[in-house]
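Secondary and tertiary structure notes
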Amino acid sequence: MRILQLCKKFPFPLKDGESIAVTALSRAMKALGHEVHLLAMNTSKHFFPVEELPRSFDHYASLHTVEVDNRVKPLQALWHLKGEASYHIARFCSKAFEDKLAGLLKNTTFDVIQLETPYLAPYIPVIRKYSNAVVSMRAHNVEFEIWERISQNTAFWPKRWYLQHLTERLRQYEISQLAAYDHLAAITRRDLERFQQLGYEGSATVTPIGVDSGAYPPDFSSFQKPLSLSFIGSLDWMPNLEGLQWFLDEVWPEVRREHPDLTLHIAGRNTPKWLLRMDRPGIVVEGEVPSATTFINQHSLMVVPLLSGSGMRAKILEGMALGKAVISTQMGMEGIGVQQGVHALIANTPADFARQVAYARALQKKGQLEQLGREARRFVLDQYDSLEVARRLVKAYAELSVEAL
């Protein structure tokens, strides 16, 4: 099949969940013999100089980018308070991108056009005008739910009111587009059921983030060293920053009271200045690191303290694939299906986290924490193999193409 992926950001470097999810699937589809093309926005927020791509990023048959200014602009944000349009979506509406897409569709016949997130839904009319391809929405999250949860966790009432307003517009838009898709590829079973409750009735598959075992070489030597904790995630994504700040303010002091020798190493893309300047006992802020794999492998215990979000956390899958013990909230583990104490550790309150860190330390002293990491790796590679994920999705595309004939 000839498949065109549309992305609202260039999917490289592989330092955030969206880029990891996009790349894992496109690589797997190519490995299965399909021809995958990319049209991506190269946004002001996540701009990447494409000429610096490594040679290993070679799975696309063709690669096209359009520069898009998606910065949050106060006057535009205020203007959108009046109308009914979603400001979240409007920031990704680009005439240049639309023209580039139209040109591609006029010159090339595609079997499937796969939209990565609902932020690409505004381009469905131009797709329908110039192509008979199957239009598939790969929903990485139920987008409005992320913002619902963030607004619920916001104490400052003017900001909470504004976030609730934006969230309602996004919710209305996301629901209104459900009838426009030929196929819905939801990242988790729970998300698919949520979309169906909201009115989606068409073809669908659960298409989680896939894992390629060769891309995640484990280093179990970290379990022979003194216990240390790691956190890694894109720190310009609000749920990550919100969760980390909560962990630093509410959880870490309690952990340090019981374990004054422990250290927490923090890495992340676009680390804010206030965090880089932080000077707290046991906290080591490393900023953006050259290799997420190397960073994760240095520490045996990985923390993912998410309080809001939706979909599936790629960094949890990466940590587990690398054989690390992971502690996360129930929300962080949403959609992954781990068994507490067998594949990972779950904690929802500061006291929970303190207990789970103490438990992990006790396992470490007994030489048993490594077994938790090995079970985590076995689970992820068995349940989330990228080739199997891609095979199921392409099968659904083929069935839709046959029906259309």
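These remarks concern the structure in this document. (Residues numbered from 1 in each chain as written. Predicted model: local features only at pLDDT ≥ 70, side-chain atom pairs only at ≥ 80, totals over all residues. Heavy atoms only, no water.)

Within the secondary structure, Lys-324 is located in the loop between helix 12 (314-321) and strand 12 (325-328). Within the buried core, Lys-324 has no salt-bridge partner, and the shortest N-O distance to an opposite charge, that of Asp-219, equals 5.9 Å. From its side chain, Lys-324 meets the backbone oxygen of Asp-219 in a polar contact 2.8 Å long. From its side chain, Lys-324 meets the backbone oxygen of Asn-297 in a polar contact 3.4 Å long. Excluding anything up to four places from it in sequence, Lys-324 contacts Asp-219, Ser-222, Phe-223, Ile-296, Asn-297, His-299, Ser-300, Gly-319, Gly-373 and Ala-376. (Helix = DSSP H or I, 4+ residues; strand = E, 2+ residues; numbered from the N terminus. Buried < 20%, exposed > 50% of the residue type's maximum accessible area, 1.4 Å probe, protein only. Lys, Arg positive; Asp, Glu negative; His and termini not counted. Salt bridge = Lys/Arg side-chain N within 4 Å of Asp/Glu carboxyl O. Polar contact = N/O pair within 3.5 Å; in protein donor to acceptor, adjacent residues only side chain to side chain. Contact = heavy atoms within 4.5 Å.)

The next subject is the layout of surface pockets. Taken as a whole, the largest pocket spans an internal volume of roughly 1100 Å³. Counting residues per element, the ones that place at least two in the lining of the largest pocket are helix 1 (17-31), helix 3 (87-90), helix 6 (143-152), helix 7 (157-176), strand 8 (229-232), helix 9 (238-258), strand 11 (301-304) and helix 12. For the lining of the largest pocket, the class distribution of residues is 23 nonpolar, eleven polar and twelve charged. Counting residues per element, the lining of the second largest pocket draws most heavily on helix 1, at six residues. For the lining of the second largest pocket, the class distribution of residues is 13 nonpolar, six polar and five charged. (1 Å grid on protein atoms, 1.4 Å probe; cavity = no way out; pocket = protein on both sides within 12 Å on 5 of 7 lines; lining within 4 Å. Points joined across faces, edges and corners; volume = space filled by probe spheres on them. Nonpolar A, V, L, I, M, F, W, Y, C, P; charged D, E, K, R; others polar.)

What follows deals with the packing of aromatic side chains. Overall, the coordinates contain twelve aromatic pairs when judged by the stated rule. Between Phe-10 and Phe-57, the ring centres sit 6.1 Å apart and the planes meet at 40°, which makes this aromatic pair tilted. A residue pair is termed long-range when its members are at least 10 positions apart, and Phe-10 in the loop between strand 1 (2-7) and helix 1 and Phe-57 in the loop between strand 2 (35-43) and strand 3 (62-68) qualify at 47 residues. When sorted by exposure, Phe-10 lands in the same class as Phe-57, which is buried. The positively charged end of Lys-8 is found above the aromatic ring belonging to Tyr-119, 5.3 Å away from the centroid. In this arrangement the basic side chain of Arg-374 is found over the ring face of Phe-220, its NZ or CZ atom lying 3.8 Å from the centre. (Phe/Tyr/Trp six-rings, centres within 6.5 Å; stacked < 30°, edge-to-face > 60°. Lys NZ or Arg CZ within 6 Å of the ring centre and 35° of its normal.)

Another aspect to go through is the packing of helix 6 against helix 7. The geometry of helix 6 relative to helix 7 is characterised by a closest axis approach of 9 Å and an angle of 165° between their N-to-C directions. Taken together, the axes of helix 6 and helix 7 lie roughly antiparallel to each other. The way helix 6 lies across helix 7 gives a crossing that is left-handed. Contacts between helix 6 and helix 7 involve Glu-143, Phe-144, Trp-147, Glu-148, Ile-150 and Ser-151 from the former and Arg-160, Leu-163, Gln-164, Thr-167, Leu-170, Arg-171 and Glu-174 from the latter. A class-by-class count of the residues in the contact of helix 6 with helix 7 yields five nonpolar, three polar and five charged. (Axes fitted to C-alpha atoms, helices over the stretch in contact; angles between N-to-C directions. Parallel < 35°, antiparallel > 145°, perpendicular 65-115°, else oblique. Left-handed = near helix turned anticlockwise from the far one by under 90°.)

The seven strands are arranged 3-2-1-4-5-6-7 in an open sheet whose pairing can be described as parallel. Sheet topology places strand 3 and strand 7 (203-206) at the edges, where each strand pairs with a single neighbour. The mean inter-strand angle of the sheet, taken between neighbouring strand axes irrespective of direction, is 20°. As paired elements, strand 4 (residues 112-116) and strand 5 (residues 134-139) share five bridges and run parallel to each other. Along strand 5, the bridge assignment pairs Leu-115 with Met-137. Packing against the sheet, helix 4 (residues 95-107) makes contact with strand 1, strand 2, strand 3 and strand 4, and its axis sits at approximately 165° to strand 2. (Pairing = 2+ DSSP bridges.)

These figures come from the coordinates and say nothing about function on their own.
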